[in-house]
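# Inside the fold
Chain by chain, the residues:
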Amino acid sequence: MTLFIVIFLLTMLVIIALAIVQTTNLFAAAMLAGIFSLTSAMIFFLLDAPDVALTEAAVGAGISTVLFLGALALTAEHERAATAGRLAALAVVVTIAAGLFYTSFDMPRLGDPAAPAHLHVAPWYIEKTPEYIHVPNVVTAVLASFRGYDTLGETFVVFTAGIGVLFLLGQAPVGQPKISPAMTFAGKAGLRHYQIPRVVGRLLIPFILLFALYVQFHGDYGPGGGFQAGVIVAASIVLYALLEGEQQARRILSSGMLKVLAAAGPLVYGFTGVACLLLGGNFLDYSVLSSDPVHGQHLGILVIEAGVGITVTGVLISIFHSFAARGSK
Amino acid sequence: MAMIVDVLSWVLLTVGGFFVLVGGIGALRMPDLYTRMHAASVTDSLGAMLILVALILQAGFTLAAVKLAATLIFLLFTSPTAANALASAALLAGINPGLATPSRQEPRS
Amino acid sequence: MYYAVIIAILATMVLALARALLGPTVYDRVLAVNMLGTKTVLLIAVVAFFMERPDFLDLALTYALINFIGVLAVLEFFRVRAQRRQAEQKKGS
């Protein structure tokens, strides 16, 4: 049954992708891209990868659509007519696609028990997680402890992306005509005219934040963790900014505070690693953080997931504010 | 007792699925934007609630039932709100509902 | 028991996708995206039960709230666009 649903959803993905390429109205393309992320999240879920599905649903279908719309509010809505070079582009794409298709025949089949990934790496993680780390969610154990160094790199990548956006969009360019705040995305008016969404939205924001905390700390036991929790907190602040206006949102979480949050994440992560060094172990070897190695691992995972969540929150909200505060051309 | 719960949840699932399907057909076949919104949002909320109640009955007194109840309450609040916001936005943008007998245009607030 | 519901939800997703591709005005597309979001939440809830993995229900809850925020963001976009057009018309006339 799940195979049937997966094939059905993959067909839908192809149809949506064709529609995105074919349409010239960029708003429709942004909406269809949101639907595309949604369908991929469903497919990930059906393939037994709930952490990835959670992140894809939250980031791809939520925050990404909001940022695309913020960008579209600043630029034109229809695609420019294509210029020369389409045949060359088509030839390149067809060649690469043919190459990929050819190499896919050499890959092991989905779920093949004799595949190298299932013979060497995966069984070791699955066997050793109860022994060393003792958390039910093996994905979190691999992400946060066995491959903690990679996750440190990922946190720095998120931070760098935030800095990049702040460099490009942080300041309004010189010589821009001042426009009224009511005309910017999530400007002064916000959705003030709509009373019902305002009331309901304000009612829901505390519960969304509570749910984000739950997802953050529940990452050891079920799908969740720092990335997803950070995205949900950012989504709740975006909701507040949409309902009350972006300047009000800046008053509750100022840009300075957001920059501190964005920078604090990798710092917390790095300092945990250094603390492990100072206590006699290797970098990011959490077993030395406490007298009982398993307890030390739990403590380490808790601290670094908190670091990851803080960074993702700070960066996503900063990016949203950069888009929203910018005037039109 | 378990038999009653099973039958009840089966009935609710079927009715919920029926409403969901009707909503989809309505969204595709209705002639005008507002009639489509009506079909889609009313049946959306109702069908979703029936299906989730059926799943809660199947789950019993476990954590899964609590999570389903939280999803149900959330959908109960946000689905009609989103529909209302969408209809308000469409009306403010100037899309007038198609009327059977054309009347003079209402002044926009 | 679950097969009928899953097929109904998948069929509705196809119908909503058709509306998203067809919809003459942009509000039709937003309506279709909202519908697809709710159907996804339902599909995840039913399939999580069907696959006997009830811990996956966090996913349904997350998606329900992300869908809501997405629809409100889209409406904000329309408001900005309408106001900008009004301002340009006033400047032009």
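Residue positions are counted from 1 within each chain, in the order its sequence is given. Chains carry letters and ligands carry numbers; both start at the beginning, A for chains and 1 for ligands, and go up in the order they are written. In keeping with the predicted nature of the model, local features appear solely for residues at pLDDT of at least 70, side-chain atom pairs appear and are counted solely at 80 or more, and the whole-chain, interface and lining totals rest on all residues. Excluding hydrogens and water, the side-chain values take into account all heavy atoms of the structure.

### Quick word on the packing of aromatic side chains
Geometrically, a pair of aromatic rings is defined through the distance of the ring centres and the angle of the planes. Here a Phe, Tyr or Trp ring, Trp counted by its six-membered ring, pairs with any other such ring whose centre lies within 6.5 Å, and the pair is stacked when the planes are under 30 degrees apart, edge-to-face when over 60, and tilted otherwise. A full pass over the atoms with the stated rule returns 13 aromatic pairs over all chains. Arranged with centres 5.2 Å apart and planes meeting at 55°, the rings of phenylalanine 27 of chain A and phenylalanine 78 of chain C form a pair that is tilted. Note that phenylalanine 27 of chain A is positioned in helix 2 (residues 26-46) and phenylalanine 78 of chain C in helix 3 (residues 57-92), a pairing that runs across two chains. Both rings, one in tyrosine 27 of chain C and one in phenylalanine 78 of chain C, keep their centres 4.7 Å apart while their planes meet at 55°; by these two values the pair is tilted. One end of the pair, tyrosine 27 of chain C, is in helix 2 (residues 26-50); the other, phenylalanine 78 of chain C, is in helix 3, with 51 residues separating them in the sequence. Per-residue accessibility, obtained with a 1.4 Å probe over protein chains only, is compared with the maximum for each type, and a residue is labelled buried under 20%, exposed over 50%, and partly exposed between these values. With a relative accessible area of 5%, phenylalanine 78 of chain C lands in the buried category. Helix and strand assignments follow DSSP, with helices taken as H or I runs no shorter than four residues and strands as E runs no shorter than two, numbered in order from the N terminus.

### Side note on helix 7 (residues 148-169) of chain A
Taking 1.5 Å per residue as the helical rise, helix 7 of chain A with its 22 residues ought to reach 32 Å, and the 32 Å between its terminal C-alpha atoms agrees with that figure. As for helix 7 of chain A, its buried residues are in contact with helix 6 (138-146), helix 9 (226-244), helix 11 (255-278) and helix 12 (293-324) of chain A. Expected helix span is taken as 1.5 Å per residue step, with the number of steps being one fewer than the number of residues. Should any heavy atoms of two residues lie within 4.5 Å, those residues are considered in contact.

### With respect to the packing of helix 8 (residues 195-217) of chain A against helix 3 (residues 63-92) of chain B
For the pair helix 8 of chain A and helix 3 of chain B, interaxial distance at closest approach is 11 Å and the crossing angle is 150°. By the criterion of interaxial angle, the relationship of helix 8 of chain A to helix 3 of chain B is roughly antiparallel. Viewed along their axes, helix 8 of chain A and helix 3 of chain B form a crossing whose handedness is left-handed. Contacts between helix 8 of chain A and helix 3 of chain B involve Ile196, Pro197, Val200, Leu203, Leu204, Ile208 and Tyr214 of chain A from the former and Lys67, Phe74, Phe77, Thr78, Thr81, Asn84 and Ala85 of chain B from the latter. Classification used: nonpolar for Ala, Val, Leu, Ile, Met, Phe, Trp, Tyr, Cys and Pro, charged for Asp, Glu, Lys and Arg, polar for all others including Gly. Of the residues assigned to the contact of helix 8 of chain A with helix 3 of chain B, the class counts are ten nonpolar, three polar and one charged. For helices, the fitted line uses only the C-alpha atoms of the stretch in contact; every axis is such a line through C-alpha atoms, and the angle between N-to-C directions lies from 0 to 180 degrees. Here roughly perpendicular refers to angles of 65 to 115 degrees, roughly parallel to angles under 35, roughly antiparallel to angles over 145, and oblique to all remaining angles. Here a crossing is taken to be left-handed if its near helix is turned anticlockwise relative to the far helix by less than a right angle, and right-handed if that turn runs clockwise.

### Things to note about the domain arrangement of chain A
Where interface size is given, it is often the accessible area lost as the parts come together that is meant. Residues and elements named next belong to chain A. Partitioning chain A into domains gives domain 1 (1-107) and domain 2 (114-329). On a C-alpha basis, the centres of domain 1 and domain 2 stand 24 Å from each other. Of the residues lining the interface, 15 residues belong to domain 1; the matching set on domain 2 comes to 18 residues. Counting the surface lost from both domain 1 and domain 2, the interface buries some 1400 Å², and carbon and sulfur atoms represent 81% of this. By convention in these notes, a salt bridge is any Lys or Arg side-chain nitrogen within 4 Å of a carboxyl oxygen on Asp or Glu. Run the count over domain 1 and domain 2 and you get zero salt bridges. By residue class, the composition of the side of domain 1 that touches domain 2 is twelve nonpolar, two polar and one charged. Delimitation of the domains relies on an automatic or database domain assignment. Note on terms: buried area is the combined drop in 1.4 Å-probe accessible area of two parts once they are placed together, counting the loss on both.

### Digging into the environment of leucine 166 of chain A
All names here are of chain A. If you trace the backbone, leucine 166 turns up in helix 7. By relative accessible area, leucine 166 is classed as partly exposed at 30%. Once the C-alpha coordinates of leucine 166 and glycine 307 are considered, the two residues, 141 residues apart in sequence, prove to be 20 Å apart.

### With respect to a nonpolar patch on the surface
Residues and elements named next belong to chain A. A patch is a set of surface residues, each over 30% in relative accessible area and not in a salt bridge, joined within 9 Å for like charges and within 5 Å for the nonpolar side chains Val, Leu, Ile, Met, Phe, Trp and Tyr. In this description, accessible areas are obtained by the Shrake-Rupley approach with a 1.4 Å probe, and a residue is regarded as covered only by the protein chains that are shown. A cluster of nonpolar side chains, contributed by Phe207, Leu210, Leu213, Phe217, Val268, Leu299, Leu302 and Val303, occupies part of the molecular surface with about 720 Å² of accessible area. Elements with a contribution of two residues or more to the nonpolar patch: helix 8 and helix 12. No other element matches the four residues that helix 8 contributes to the nonpolar patch. Mapped onto the fold, leucine 213 is located in helix 8. Judged by relative accessible area, which is 48%, leucine 213 ranks as partly exposed.

### Section: the packing of helix 8 of chain A against helix 9 of chain A
Residue and element names in this part refer to chain A. Packing of helix 8 against helix 9 brings their axes to within 9 Å, and their N-to-C directions diverge by 165°. In terms of orientation, helix 8 lies roughly antiparallel with respect to helix 9. Pair helix 8 / helix 9 crosses with left-handed handedness. For the pair helix 8 and helix 9, the contacting residues are Pro197, Arg198, Gly201, Arg202, Ile205, Ile208, Leu209, Phe211, Ala212, Val215 and Gln216 in the first and Gly226, Gln228, Ala229, Ile232, Val233, Ser236, Leu239, Tyr240, Leu243 and Glu244 in the second. Considering only residue class, the contact of helix 8 with helix 9 consists of 13 nonpolar, five polar and three charged.

### Concerning the interface of chain B and chain A
With ten residues of chain B in contact, the opposing surface of chain A contributes nine residues. Roughly 790 Å² is buried in total at the junction of chain B and chain A, and carbon and sulfur atoms are behind 78% of that figure. For the pair chain B and chain A, the number of links is zero salt bridges. Pairs of N or O atoms are called polar contacts if they sit within 3.5 Å, as long as, within protein, a hydrogen donor faces a hydrogen acceptor (for residues adjacent in sequence, only side-chain-to-side-chain pairs). Counting every contact that joins chain B to chain A gives one residue pair in polar contact (both at pLDDT 80 or more). Residue composition of the side of chain B that touches chain A, grouped by class: five nonpolar, four polar and one charged.

### Re the nonpolar core
We call a set of buried Ala, Val, Leu, Ile, Met, Phe, Trp, Tyr and Cys residues a nonpolar core when their side-chain atoms join them within 4.5 Å. Counting residues in hydrophobic clusters, the biggest one holds 149 residues, and the most contacted among them are Phe27 and Phe45 of chain A together with Phe78 of chain C. Among the elements that line this core, the one with the most residues is helix 3 of chain C, at 18 residues. When residues of this core are assigned to domains, at least three map to each of domain 1 (1-107) and domain 2 (114-329) of chain A.

### Considering helix 1 (residues 2-22) of chain A
Helix length check: helix 1 of chain A (21 residues) gives 30 Å between terminal C-alpha atoms against 30 Å at 1.5 Å per residue, within 8%. All of the buried residues in helix 1 of chain A are Ile5, Val6, Leu9, Met12, Leu13, Ile16 and Ala19 of chain A. Viewed along the axis of helix 1 of chain A, the buried residues span an arc of 140°, placing them on a single side of the element. Pointing more than 90 degrees away from the buried face of helix 1 of chain A are the exposed residues Leu3, Leu18, Val21 and Gln22 of chain A. On its buried face, helix 1 of chain A is in contact with helix 2 of chain A together with helix 1 (2-22) and helix 2 of chain C. Note that the arc is defined by the directions from the helix axis to the C-beta atoms.

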